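# Summary of structural features
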Amino acid sequence: MKITYLAHSCFLIETSRARLIIDPFLTGNPLAPVKAADLNVDYILCSHGHEDHTGDALGLSKRCGAPIIANYEIAEYFAAQGAQTHGMNPGGAFSFPFGRVKLTLAFHSSSVNAGLNPVYLGNPCGLIIQADGKTIYHAGDTALFLDMQLIAKFGLDVALVPIGDNFTMGIEDAAAALDLLKPKVAVPMHYNTWPLIAIDPQRFVEAAARTDHTVEVLKPGESLSV
Ligand code: NI
Ligand code: MN
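Before going into details, it helps to say that this report is about the structure given with it. (Residues numbered from 1 in each chain as written. Chains lettered and ligands numbered in written order. Predicted model: local features only at pLDDT ≥ 70, side-chain atom pairs only at ≥ 80, totals over all residues. Heavy atoms only, no water.)

Coordination of the nickel ion (ligand 1) by the protein involves His48 (NE2), His50 (ND1), His108 (NE2) and Asp141 (OD), with metal-donor separations of 2.2 Å. Coordination at the nickel ion (ligand 1) is irregular: its four donor atoms span angles of 88 to 177° at the metal. Motif for the nickel ion (ligand 1), donor spacing along one chain: H-x1-H-x57-H-x32-D. Between the nickel ion (ligand 1) and the manganese ion (ligand 2), both coordinated by Asp141, there is a metal-metal distance of 3.1 Å. (Donors = N, O, S within 2.8 Å, 3.2 Å for Na, K, Ca; no water. Tetrahedral: all angles 85-135°; square planar, octahedral: opposite > 155°, others 65-115°.)

We now examine the sheet that holds strand 12 (residues 134-138). Spatially, six strands are ordered 7-8-11-12-13-14 in an open sheet, and the strand pairing comes out mixed. Pairing within the sheet leaves two strands with one partner each, and these edge strands are strand 7 (93-96) and strand 14 (185-189). Ignoring which end each strand starts from, the neighbouring axes of this sheet average 20° apart. Packing against the sheet, helix 5 (residues 171-181) makes contact with strand 12, strand 13 (158-162) and strand 14, and its axis sits at approximately 150° to strand 13. (Pairing = 2+ DSSP bridges. Helix = DSSP H or I, 4+ residues; strand = E, 2+ residues; numbered from the N terminus. Axes fitted to C-alpha atoms, helices over the stretch in contact; angles between N-to-C directions. Contact = heavy atoms within 4.5 Å.)

Let us now look at the coordination of the manganese ion (ligand 2). Coordination sphere of the manganese ion (ligand 2), protein contribution only: Asp52 (OD), His53 (NE2), Asp141 (OD) and His190 (NE2), at 2.2 Å. One chain supplies every donor to the manganese ion (ligand 2), and in sequence these donors are spaced D-H-x87-D-x48-H.

This paragraph deals with the pairing of strand 9 (residues 111-114). In this structure, strand 9 lies alongside strand 10 (residues 117-120), joined through four bridges in antiparallel fashion. Bridge pairing links Asn113 to Pro118 in strand 10. The antiparallel pairing of strand 9 with strand 10 creates a hairpin that spans two residues between the two strands, and Gly115 there sits at a positive phi of about 65°.

Now for the nonpolar core. Ranked by internal contacts, the top residues of the largest apolar core, which has 53 residues, are Leu45, Phe98, Val101, Tyr137, Val161, Leu181 and Phe204. Ranked by residue count, the leading element in this core is helix 5, at seven residues. Once residues lying within four places of it in the same chain are set aside, the contact partners of Leu181 are Tyr137, Met148, Ile151, Ala152, Leu156, Ala159 and Val161. Grouped together as the second largest cluster of nonpolar side chains are 21 residues, Leu6, Cys10, Ile44 and Leu60 included. (Core = buried A, V, L, I, M, F, W, Y, C linked by side-chain atoms within 4.5 Å. Buried < 20%, exposed > 50% of the residue type's maximum accessible area, 1.4 Å probe, protein only.)

Estimated volume of the largest pocket: approximately 170 Å³. Taken together, Pro90, Gly91, Lys102, Leu103, Thr104, Leu105, Phe145, Asp147, Leu150, Ile151 and Phe154 make up the full set of residues lining the largest pocket. Those elements that place two or more of their residues in the lining of the largest pocket are strand 8 (99-105) and helix 4 (148-151). When residues in the lining of the largest pocket are grouped by element, the largest group, four residues, is from strand 8. By residue class, the composition of the lining of the largest pocket is seven nonpolar, two polar and two charged. (1 Å grid on protein atoms, 1.4 Å probe; cavity = no way out; pocket = protein on both sides within 12 Å on 5 of 7 lines; lining within 4 Å. Points joined across faces, edges and corners; volume = space filled by probe spheres on them. Nonpolar A, V, L, I, M, F, W, Y, C, P; charged D, E, K, R; others polar.)

Taken by themselves, the reported measurements are silent on function.
Right under this line is the structure:
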């Protein structure tokens, strides 16, 4: 399985059977290494409704014929705009042709802006993806929470964790999350996209090393094979 960082919280996951994109946000992302128009994907997964996680979901879904997998409200929101979707909710898992996806808790919010009124799109989620004998956890946007220790029971090969602070965990909380999640390797996300979440990822590497956790920092466009 090949995991390519497409900046912010967006990853391309290439399994033996499918190309998945998580939290597609390329259009308007100053760090995006590719354009949405240049990608072909089979499935789109969204952790929550915010535009920096769903911005390119509808366009990719329609152009590629790729279903959007997300919480029920996000799924209905995009289905009403003509996308194929698969709605789920935290605690639920489903076996897709490429592998199994489970939605987890995340402590955050989930909305899109429609004029002056935000439209609330269900609960924010994390994602556990099991494919090709590997288990990947994408934490979405979340605070640190103690139930992350339950997610460790899946035996995580890779944890994708936000470190940018302000909207999500910062470095210290993300390092503490690794004590609960116990992944073989962690990859930081959701940082440096804007000044508000500017952070040196090496500080996360150092904080995680103090408790013997391995971190791989991927620059936008770089990949990790597991
Ligand atoms: Ni968010
Ligand atoms: Mn976000």
